[in-house]
Amino acid sequence: MYDTVFEGATIVDGTGRAPYTADVGVREGLIVEIGRISAAARERIAAHGAWLTPGFVDLHTHFDGQASWDETFSPSIHHGVTTVVMGNCGVGFAPLRPGDRRRAVHGLVSLMEGVEDIPGVALTEGVRFDWESFPEYMNSLERMPHSLDFLLQVPHDPLRMAVMGDRALAHETATPADIAAMQASLREALEAGAAGFSTGRSDNHRTAEGRETPASEADAAELSGIVAAFRGLDRGVVQLVSDFDVLRGADRFDAEFDLAELIAEASGRPLSMTWLQRDPGGEQWQRIRARAEAAAARGLPLRLQAASRAIGVILGLDTTFHPFMGFPGYVEIAALPRAERAARLRDPARKARILSERSGRLSGDGTAIPPLVDLMLANIERISARMFPLGNDPDYEPMLADSFFARARARGCTALEALYDFLAADDGGNLVHFPIFNYNDGSLDVVGEMLAHPLALFGLSDAGAHVGTICDASATTFLLSHWCRDRASGRLPIERGVEMLTRRNAQHLGLHDRGMINVGLRADLNLVDPAQLSPGRVELVNDFPANGKRLLQKARGYVGTWVAGVAVAREGAVTAARPGKLVRLQ
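How each quantity is defined
- Residues numbered from 1 in each chain as written.
- Predicted model: local features only at pLDDT ≥ 70, side-chain atom pairs only at ≥ 80, totals over all residues.
- Heavy atoms only, no water.
- Pairing = 2+ DSSP bridges.
- Helix = DSSP H or I, 4+ residues; strand = E, 2+ residues; numbered from the N terminus.
- Axes fitted to C-alpha atoms, helices over the stretch in contact; angles between N-to-C directions.
- Contact = heavy atoms within 4.5 Å.
- Phe/Tyr/Trp six-rings, centres within 6.5 Å; stacked < 30°, edge-to-face > 60°.
- Buried < 20%, exposed > 50% of the residue type's maximum accessible area, 1.4 Å probe, protein only.
- Core = buried A, V, L, I, M, F, W, Y, C linked by side-chain atoms within 4.5 Å.
- Parallel < 35°, antiparallel > 145°, perpendicular 65-115°, else oblique.
- Left-handed = near helix turned anticlockwise from the far one by under 90°.
- Nonpolar A, V, L, I, M, F, W, Y, C, P; charged D, E, K, R; others polar.
- Disulfide = S-S within 2.5 Å.
- Right-handed = clockwise from strand over helix to strand, strands pointing away.

> Go over the sheet that holds strand β14 (residues 388-390), please, and point to the residues and values.
With antiparallel pairing, 3 strands are arranged side by side in an open sheet as β13-β15-β14. Two strands lie at the open edges of the sheet, namely β13 (311-315) and β14, each paired on one side alone. Adjacent strand axes in the sheet meet at a mean angle of 40°, parallel and antiparallel pairs treated alike. Sheet analysis places β14 next to strand β15 (residues 431-437), joined by 3 bridges and oriented antiparallel. When the sheet's bridge partners are listed, F388 is paired in β15 with H433. Packed onto the sheet, helix α16 (residues 415-424) meets β13, β14 and β15 and runs at close to 135° relative to β15.

Listed below in structure tokens is the structure:
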């Protein structure tokens, strides 16, 4: 007897082949038959007209803290993801420096709060910190039941802090002894089944105190020495985020890319890096493409993590950022409940005062806000052409005519006033979509070029991070609904979109038991109603520890999601089942 039979599904199997119609039989967590199945089953699901896909594999999440208190990996579970990879961008919560535990925990919380915009009070209250070494961290998370499978990478910043202490925070050069200790710690984690190593070199990443991240300026000796831990192993990956010093000058690009190639050579393992059209630096994505193509032609295993949409922020009175947060007239009322704040903002005298003021500087010492925010606030009238109302059914490829720049022109007012009136309306709950990267030309055409590139991996969802500014965990759903169904031009065939979300990422990680609908593979599956599929409405909720807030988006159109044959979500509701496990690479 089968546990589950999906009847008459349109199978998009993850291999890239064209969809076809068949039944799929599942038993004991595996796909055991594909074809016409008449045998008995505990559950038969009528899947006629629905897509049956493999579960999605998300390479780029930051659930490192949330996994301590959230068994479900929300919001990824609402967007078809069945396997998540944590420990990206060089930040995380292990290893932990022995000794002054309180100081060590504070350092890691400050790091994650600043870089990934996760409330520090929620992390302090919600993360157990019942570990020191990375294998102990793995064991701690493994003891807790979870809905989805997860893999853990060793992040560079905690590794450096655990070995070097305050010297890491001061950006001192690692000594040979430091490098040897970091290499040994990484090797210990890899032998325990860790998925790889990550490092971050972004000028926009800051701790909660406004300091550069500890490993952001690590030199070639440190990087190559650490990743030598991979030698002799035939598993594991490396992940790198870098803006290639774009804010310091285009002439620094090649030296930074040389470091990426050095890491790939020294590790001997597949390396993926962030691929964006930045602003400023809009041409940089083409230089990344050219260098990656040349490296791949020489045999270096470099891949490019591409997003399915623009990378930006959501602005609102209760989100992490909004245009008025530095204005003295707003700062006076910032602590009031949102609805009362909105009412005060609608007072004509306060409105006139704020619109006559200048914003104070937001970035600098003592804050994680990057300099890019001040740069953009100083040019709000120009960049308002890239700011749009975020409605209940978000449009992630809006037209200039819908922007606040265009609204202001139509009203005969400044863009700042148009934004002010929108945010102050009703109870103050309106949200603004502000695509910063990948939208320099007012469309997602550049994203289409990236997704079509043979070196591209689907990534950059940042699920679990930037919880007060984005909800890009929905990028999986957007890839299918927008790029494979709705876009007027440049659409991806559904089989190509599904292959990017499944097999391609699984194979990059070295996971050969999932990512396709084939007999003998895990029954990690999604059943999708293609007519109803949508990323869903974005809302601000307070469901983190210590009443911490985050943006949440629940998709429509997923009939169900199964992990190892067990339903973890049905019709948008998370089930009580917890079949997910820590995946240890061996």
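> An account of the packing of aromatic side chains is needed here, citing residue identities and associated values.
According to the stated counting rule, one finds 17 aromatic pairs in the structure shown. Aromatic pair F134 and Y137: ring centres 5.5 Å apart, planes at 65°, arrangement edge-to-face. Within this pair, F134 and its partner Y137 are both found in helix α3 (residues 134-142), separated by 3 residues, close to a single helical turn. Accessibility expressed as a relative area gives 1% for F134, which makes it buried. Taken together, a centroid distance of 5.5 Å and an interplanar angle of 80° make the contact between Y396 and F478 edge-to-face. Taken as a pair, Y396 in the loop between β14 and α15 (404-411) and F478 in helix α18 (residues 475-486) lie far apart in primary sequence, 82 residues in all. Among the residues examined, Y396 registers a relative accessible area of 5% and is labelled buried. The class of F478 is buried, set by a relative accessible area of 3%. Site record: aromatic cluster; members linked through ring pairs are F93, F129, W131, F134 and Y137.

> Describe the sheet that holds strand β12 (residues 302-306), naming the residues involved and giving the relevant values.
One key point about sheets: their strands pair by backbone hydrogen bonds, in either a parallel or an antiparallel sense. Spatial ordering of the open sheet is given by β6-β7-β8-β9-β10-β11-β12-β16, a layout of 8 strands whose pairing is parallel. With one partner strand each, in any of the chains shown, β6 (56-58) and β16 (456-458) form the two edges of the open sheet. Recorded for the sheet is a direction-independent mean angle of 30° between the axes of neighbouring strands. Two elements, strand β8 (residues 149-155) and strand β9 (residues 196-201), share 3 bridges in a ladder whose sense is parallel.

> Got a sec to walk through the nonpolar core? Specific residues and values, please.
Counting residues in hydrophobic clusters, the biggest one holds 118 residues, and the most contacted among them are M86, F134, L152, M273 and L480. Beyond its immediate stretch of four places on either side in the chain, L152 contacts M86, F134, Y137, M138, L141, A194, A195, G196 and L582. Of all hydrophobic cores here, the second largest spans 37 residues; its members include F321, I354, L423 and A424.

> Now, about the environment of L400: what can you tell me, with residues and values included?
With respect to the helices and strands, the residue L400 is situated in the loop between β14 and α15. Owing to a relative accessible area of 51%, L400 belongs among the exposed residues under this scheme. Contact partners of L400, with chain neighbours within four places excluded, come to A385, F388 and A406.

> Describe in detail the environment of G268, supporting the description with residues and values.
By secondary structure assignment, the location of G268 is in the loop between α8 (253-267) and β11 (271-275). Taking C-alpha positions, G268 is 8.2 Å from L300, a pair spaced 32 residues apart along the chain.

> Got a sec to walk through the packing of α8 against helix α9 (residues 284-297)? Specific residues and values, please.
Put simply, α8 and α9 touch, their axes get as near as 11 Å, and they point 40° apart. On the basis of their axis angle, the class for α8 and α9 is oblique. The handedness of the crossing between α8 and α9 is right-handed. Of the residues in α9, those in contact with F253, D254, F257, D258 and E261 of α8 are Q284, R287, I288, R291, A292 and A295. Residue classes in the contact of α8 with α9 are distributed as 5 nonpolar, 1 polar and 5 charged.

> So what about the packing of helix α4 (residues 156-164) against helix α7 (residues 220-227)? Which residues, and what values?
At their nearest, the axes of α4 and α7 sit 13 Å apart, and the two run at 100° to each other. In terms of axis orientation, α4 runs roughly perpendicular to α7. On α7, the residues that touch H156, L159 and R160 of α4 are E222, L223 and I226. Broken down by class, the residue content of the contact of α4 with α7 amounts to 3 nonpolar, 1 polar and 2 charged.

> If you had to explain the state of the cysteines to someone new, which residues and values would you point to?
By definition, a disulfide links the sulfur atoms of two cysteine residues through a covalent bond. The final tally for this structure, using the stated rule, is 0 disulfides. Free of any disulfide, C471 has its nearest cysteine sulfur in C89, 17 Å distant. On the basis of relative accessibility, which here comes to 6%, the residue C471 falls in the buried class.

> Before we move on, could you go through the pairing of strand β2 (residues 20-27) and cite the residues and values that matter?
In terms of strand pairing, strand β1 (residues 2-11) meets β2 through 6 bridges, oriented antiparallel. Paired with F6 across the strands is V24, a residue of β2. In textbook terms, the turn of a hairpin is the stretch between consecutive antiparallel strands, and for β2 and strand β3 (residues 30-35) this stretch comprises 2 residues, one of which, E28, has a positive phi near 50°.

> Tell me about the pairing of β11, residues and numbers included.
Within β11, 5 of the 5 residues are buried, which leaves it mostly tucked inside the rest of the structure. Note that the unit made of strand β10 (residues 237-242), α8 and β11 has a crossover that is right-handed. Regarding topology, α9 serves as the crossover connection from β11 to the parallel β12, and that connection is right-handed.

> Mind laying out unusual backbone geometry, listing which residues take part and the relevant values?
Comment: phi is negative for the bulk of residues other than glycine, and the bulk of peptide bonds are trans. Backbone torsion omega between S74 and P75 reads 10°, so that peptide bond is classified as cis. P280 follows D279 through a cis peptide bond whose omega is 5°. Along the polypeptide, P280 turns up in the loop between β11 and α9. Residues other than glycine seldom take positive phi values, yet F129 does so here, at roughly 50°.

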